[in-house]
Amino acid sequence: MNLDATLSRLLTDGTLLAAWGGLVAASLAVLAWRLRRRDAAIAPLMKFVWGLTVLYSGPLGLAVFWYAGRTDIPRDSLWRRGFRSVAHCYSGCGTGEVLGVSLAVGLLAFKTTGTIVISFTLAYFFGYLLTVGPLMQEGVGFGEALKDAFYSETASITVMEIVAIGVDVWLAGEAGMGEVLFWSALVFSLTMGLIAAYPVNLLLIRVGVKEGMMNPAKASA
């Protein structure tokens with residue numbers, strides 16, 4: 001059996017989808033408890049980031065938070081900074097991709113090319129927005145903030161979306177919004193994009209293009 005046929009079968013299996021939904025709900029509950037009781041000092045933006053990361057990737061997103069996002073991580077490292085950085089990118093890009101695919105297929109009835117264009121456009125928009133907005137709140141001018149976003153985020157967004165949108169089109173390019181595969185393939189593709197962009201973020205931090213998000217332990221202190 002071909003790989004795409006195998007994945008499509010798994011992504012439309014009712015039992016597996018129900019189990020995944022339960023895992024996502026449990027992961028969100030654990031995250032909400034942590035953010036309220038143990039990690040209240042984390043910045044509101046990162047709480048938003050972790051919420052979307054866990055919503056999109058369930059227990060994998062929770063594992064990333066547990067390893068790199070808690071205020072009581074034992075020590076910080078390049079690996080943890082990379083995970084915080086890619087989660088920040090993921091939350092914006094994922095939102096853009098979900099909106100883009102839904103808008104293109106559900107409202108505009110676009111075919112594959114139009115769906116790809118809109119999804120990429122909104123992924124870049126929301127990915128940059130999550131960098132530009134906080135910088136401007138810190139007093140940085142719009143032009144400088146936008147330049148910083150282009151410089152630091154473009155490579156990560158590009159790799160993430162090439163993989164995510166590519167996987168989604170490969171698995172569900174002909175599916176409509178009323179089909180289970182449309183949504184399950186979208187969720188699966190988002191996680192594939194997250195995984196693909198992680199080494200890119202490590203490299204960007206290593207060479208000084210990105211700083212990585214703040215150590216949450218410092219927020220607690």
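Residues numbered from 1 in each chain as written. Predicted model: local features only at pLDDT ≥ 70, side-chain atom pairs only at ≥ 80, totals over all residues. Heavy atoms only, no water.

Draft legend 1. Main features of the overall build of the protein chain. Each helix and strand in the protein chain was counted, giving eight helices and zero strands. Along its sequence from the N terminus, the protein chain presents helices and strands in the succession α-α-α-α-α-α-α-α. A compact globule built from 221 residues should have a C-alpha radius of gyration of about 17 Å, and the protein chain, at 18 Å, falls within 12% of that. In terms of principal-axis extent, the alpha carbons of the protein chain reach across some 50 × 40 × 30 Å. Taking all 221 residues of the protein chain together, the buried fraction comes to 43%. Sequence separation of at least 24 residues holds for 72% of the intrachain contacts in the protein chain that already meet a minimum separation of 6. Accessible surface, the protein chain as shown: approximately 10,900 Å² in total, 67% of it carbon and sulfur. The protein chain carries 16 positive and 15 negative side-chain charges, and their two centres are separated by 12 Å. (Helix = DSSP H or I, 4+ residues; strand = E, 2+ residues; numbered from the N terminus. Rg over C-alpha atoms; globule rule 2.2 N^0.38 Å. Buried < 20%, exposed > 50% of the residue type's maximum accessible area, 1.4 Å probe, protein only. Contact = heavy atoms within 4.5 Å. Areas by Shrake-Rupley, 256 points an atom, 1.4 Å probe, with all protein chains shown as cover. Lys, Arg positive; Asp, Glu negative; His and termini not counted. Charge placed at Lys NZ, Arg CZ, Asp CG, Glu CD.)

Draft legend 2. Region of the structure containing the layout of surface pockets. By volume, the largest pocket amounts to about 680 Å³. Within the residue set of the lining of the largest pocket, elements represented by two or more residues are helix H3 (44-68), helix H4 (78-107), helix H5 (112-137), helix H6 (142-172) and helix H8 (216-220). It is H5 that contributes the most residues to the lining of the largest pocket, five residues altogether. Of the residues belonging to the lining of the largest pocket, the class tally is 13 nonpolar, eight polar and six charged. Of the pockets and cavities examined, the second largest pocket occupies roughly 430 Å³. Leu11, Leu17, Trp20, Ser184 and Val187 are, among the 17 residues lining the second largest pocket, the residues nearest its centre. (1 Å grid on protein atoms, 1.4 Å probe; cavity = no way out; pocket = protein on both sides within 12 Å on 5 of 7 lines; lining within 4 Å. Points joined across faces, edges and corners; volume = space filled by probe spheres on them. Nonpolar A, V, L, I, M, F, W, Y, C, P; charged D, E, K, R; others polar.)

Draft legend 3. Region of the structure containing the nonpolar core. If you look at the biggest cluster of nonpolar residues, it comprises 19 residues, and the most contacted ones within it are Tyr56, Val86, Cys89, Tyr90, Cys93, Ile157 and Met160. Put simply, the parts of the chain that give this core at least two residues each are H3, H4, H5, H6 and helix H7 (180-206). It is H7 that provides the largest number of residues to this core, a total of five residues. (Core = buried A, V, L, I, M, F, W, Y, C linked by side-chain atoms within 4.5 Å.)

Draft legend 4. Summary view of the environment of Gly193. Checked against the element boundaries, Gly193 lands in helix H7. For Gly193, a relative accessible area of 0% translates into the label buried. Between the alpha carbons of Gly193 and Ala164 there is a distance of 4.5 Å; along the sequence they are 29 residues apart. Once you skip the residues sitting within four places of it in the chain, Gly193 turns out to touch Met160, Val163 and Ala164.

Draft legend 5. The arrangement of the packing of H4 against H7 in detail. Running from N to C, H4 and H7 cross one another at 145°; their axes reach a closest spacing of 8 Å. Crossing geometry of H4 relative to H7 is assigned as right-handed. Classifying every residue of the contact of H4 with H7 by side-chain character gives 17 nonpolar, seven polar and three charged. (Axes fitted to C-alpha atoms, helices over the stretch in contact; angles between N-to-C directions. Left-handed = near helix turned anticlockwise from the far one by under 90°.)

Draft legend 6. Here's a closer look at the side chain of Ser85. Looking at the secondary structure, you find Ser85 in helix H4. Residues within four places of Ser85 in sequence aside, it is in contact with Asn201, Ile205, Lys210, Gly212 and Met213.

Draft legend 7. Summary view of the packing of H4 against H6. Packing of H4 against H6 leaves a shortest axis separation of 10 Å and a crossing angle of 45°. Relative to H6, the element H4 lies oblique. Crossing geometry of H4 relative to H6 is assigned as right-handed. Contacts between H4 and H6 pair Val86, His88, Cys89, Tyr90, Cys93, Glu97 and Val101 from the former with Glu153, Ser156, Ile157, Met160, Glu161, Ala164, Ile165 and Asp168 from the latter. By residue class, the composition of the contact of H4 with H6 is nine nonpolar, two polar and four charged. (Parallel < 35°, antiparallel > 145°, perpendicular 65-115°, else oblique.)

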